[in-house]
Amino acid sequence: MDYENYSAEDYQNEIKDISLQLADMLEAALYFAGVKKARLEEAIDAYLDEMDKVLDGDEDAPMGFDEIVKVIKHLKNTKKELFV
């Protein structure tokens, strides 16, 4: 890619594309963690809500593999109805 000729709109479009891919990856992670397919949207909302609680409201906390797993495990304990 020739990033030298990228406009602000090009970067915004890239960010939107990456955001959609990340949302899809979270949906897939929740599905493979056992969330019922019909409840994936609800599970994503719950994930985003519970993320702050699990990470103690620290907006600067890293959000790597371990933190994602921690939030999903928390959901499995607190929102059992979402899972198979």
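Just so you know, these numbers come straight off a predicted model, no measurement behind them. All chains use their own residue numbering, which begins from 1 and follows the written sequence. This being a predicted model, a pLDDT of at least 70 is required before a residue's local features are given, and a value of 80 or more before pairs of side-chain atoms are given or counted; all residues contribute to the totals for chains, interfaces and linings. Excluded from the side-chain calculations are hydrogens and water; all other atoms, namely the structure's heavy atoms, are used.

Trainee: Please clarify how a negative patch on the surface should be interpreted in this entry.
Mentor: A surface patch of like charges, here negative, comprises Asp 24, Glu 27, Glu 41, Asp 45, Asp 49, Asp 52, Asp 56, Asp 58, Glu 59 and Asp 60. Note on conventions: DSSP H or I runs of at least 4 residues are helices, E runs of at least 2 residues are strands, and numbering of each starts at the N terminus. Breaking the negative patch down by element, the ones donating at least two residues are helix H1 (8-32) and helix H2 (40-54). The element contributing the most residues to the negative patch is H2, with four residues. Structurally, Asp 60 can be placed in the loop between H2 and helix H3 (65-78). Each patch is built from residues that are more than 30% exposed by relative accessible area and take part in no salt bridge. Like charges join if they lie within 9 Å; nonpolar side chains (Val, Leu, Ile, Met, Phe, Trp, Tyr) join within 5 Å. Areas reported as accessible are Shrake-Rupley estimates using a 1.4 Å probe. Residue values count occlusion only from the protein chains shown. Basic side-chain nitrogens of Lys or Arg form a salt bridge, by our definition, when they fall within 4 Å of a carboxyl oxygen of Asp or Glu. Here the positive residues are Lys and Arg and the negative ones are Asp and Glu; neither His nor the chain ends is included. Lysine's charge is taken at NZ, arginine's at CZ, aspartate's at CG and glutamate's at CD.

Trainee: Is there a simple way to explain the packing of aromatic side chains in this structure?
Mentor: How two aromatic rings sit relative to each other is set out by the distance from centre to centre and by the angle between their planes. Only Phe, Tyr and Trp rings are paired, with Trp represented by its six-membered ring, and only when their centres lie within 6.5 Å; those with planes under 30 degrees apart are stacked, over 60 edge-to-face, the remainder tilted. According to the stated counting rule, one finds two aromatic pairs in the structure shown. Aromatic side chains Tyr 6 and Tyr 11 sit 5.0 Å apart centroid to centroid with 65° between the ring planes, which places their arrangement in the edge-to-face category. For Tyr 6, a relative accessible area of 18% translates into the label buried. For the pair Tyr 31 and Phe 32, a centre-to-centre distance of 5.3 Å together with 80° between the ring planes defines the contact as edge-to-face. Relative accessible area serves as the criterion here: at 41%, Tyr 31 is assigned to the partly exposed category. Using a 1.4 Å probe on the protein chains alone, a residue whose accessible area is under 20% of its type maximum counts as buried, one over 50% counts as exposed, and one in between counts as partly exposed. Assessed through its relative accessible area of 72%, Phe 32 is described here as exposed.

Trainee: What is the right way to read a nonpolar patch on the surface from this model?
Mentor: A cluster of nonpolar side chains, Ile 18, Leu 22 and Met 25, forms an exposed patch at the surface whose accessible area comes to about 310 Å². Relative to the helices and strands, Met 25 resides in helix H1.

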